[in-house]
Amino acid sequence: MTPASHPAPDRYTVVLRPGPPGVRDAKGHDAVLRTARVVATGATGVSGYPCYEGEGLRAEIDPESRAVEAVTVDGEELPYGWIAQLADDAPGRPGT
């Protein structure tokens, strides 16, 4: 499926975490460094996916796979070792 063939939601919640998915803090909870609510800008990014911005984050998000692409934080590249994911309650998630 091409990037433009799947409808894109109007907004998502992006979660920034350290390291690979599943990394847990000392208390056993998933570590969260920052969250941001992003909304569609109407533009398409260099990846071919819709652009979203909000709360200092800019990301291109594949609405089909829910992969966060080309993310910047406060105008800078994602810090080394951080990953960006969509929150489980984000629109477009099956069953929500």
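Computed from a prediction, not measured in an experiment: that's the story for all the values here. (Residues numbered from 1 in each chain as written. Predicted model: local features only at pLDDT ≥ 70, side-chain atom pairs only at ≥ 80, totals over all residues. Heavy atoms only, no water.)

K.L.:
What should I look at first to understand the side chain of Glu60 in this one?
P.N.:
When you line up the elements, Glu60 lands in strand β4 (residues 57-61). Within the local environment of Glu60, its side chain forms a polar contact with the backbone nitrogen of Val46, the two atoms lying 3.4 Å apart. The contacts of Glu60, once residues within four sequence positions are left out, are Gly45, Val46, Ser47, Gly48, Tyr49, Pro50, Cys51, Ala67, Val68, Glu69 and Ala70. (Helix = DSSP H or I, 4+ residues; strand = E, 2+ residues; numbered from the N terminus. Polar contact = N/O pair within 3.5 Å; in protein donor to acceptor, adjacent residues only side chain to side chain. Contact = heavy atoms within 4.5 Å.)

K.L.:
Please explain the side chain of Thr13 as it appears in this structure.
P.N.:
Examined against the element boundaries, Thr13 turns out to sit in strand β1 (residues 11-18). Judged by its relative accessible area of 15%, Thr13 falls in the buried class. In terms of polar contacts, Thr13 uses its side chain to reach the side chain of Arg37, at 2.6 Å. (Buried < 20%, exposed > 50% of the residue type's maximum accessible area, 1.4 Å probe, protein only.)

K.L.:
I keep staring at the pattern of salt bridges and nothing clicks. Help me out?
P.N.:
Under the counting rule described, the total for this entry stands at three salt bridges. Asp74 is the partner of Arg34 in a salt bridge, and the nearest nitrogen-oxygen pair spans 2.9 Å. Of this pair, Arg34 sits in strand β2 (residues 34-44) while Asp74 sits in the loop between β5 (68-73) and β6 (76-77), and the two are 40 residues apart along the sequence. One salt bridge in this structure joins Arg58 and Glu60, with 4.0 Å as the shortest N-O distance. Assessed through its relative accessible area of 4%, Glu60 is described here as buried. Among the ionic contacts, a cluster of salt bridges with common partners joins Glu53, Arg58 and Glu60. (Salt bridge = Lys/Arg side-chain N within 4 Å of Asp/Glu carboxyl O.)

K.L.:
Mind showing me how you'd approach the nonpolar core here?
P.N.:
Side chains of nonpolar character tend, in soluble globular proteins, to be buried together. One finds Val14, Val38, Leu57 and Ile61 to be the most contacted residues of the largest nonpolar core, which totals 14 residues. Excluding its chain neighbours within four sequence positions, the residues that come into contact with Val14 are Arg34, Thr35, Ala36, Val38, Leu57, Ile61, Ala84, Gln85 and Leu86. (Core = buried A, V, L, I, M, F, W, Y, C linked by side-chain atoms within 4.5 Å.)

K.L.:
Help me out: how do you make sense of the pairing of β4 in this one?
P.N.:
Remember that side chains alternate between the two faces of the sheet whenever the strand is regular. Counted residue by residue, β4 has four buried out of five residues, so it is predominantly covered. Summarising the sheet, strand β3 (residues 50-54) and β4 pair through four bridges and their orientation is antiparallel. Note that in β4 the partner of Glu53 across the bridge is Arg58. The turn joining β3 and β4, which pair antiparallel and follow one another in sequence, is formed by two residues; a positive phi near 50 degrees is taken by Glu55. In this antiparallel pair of consecutive strands, β4 and β5, the connection spans six residues, and Arg66 shows a positive phi of 65 degrees. (Pairing = 2+ DSSP bridges.)

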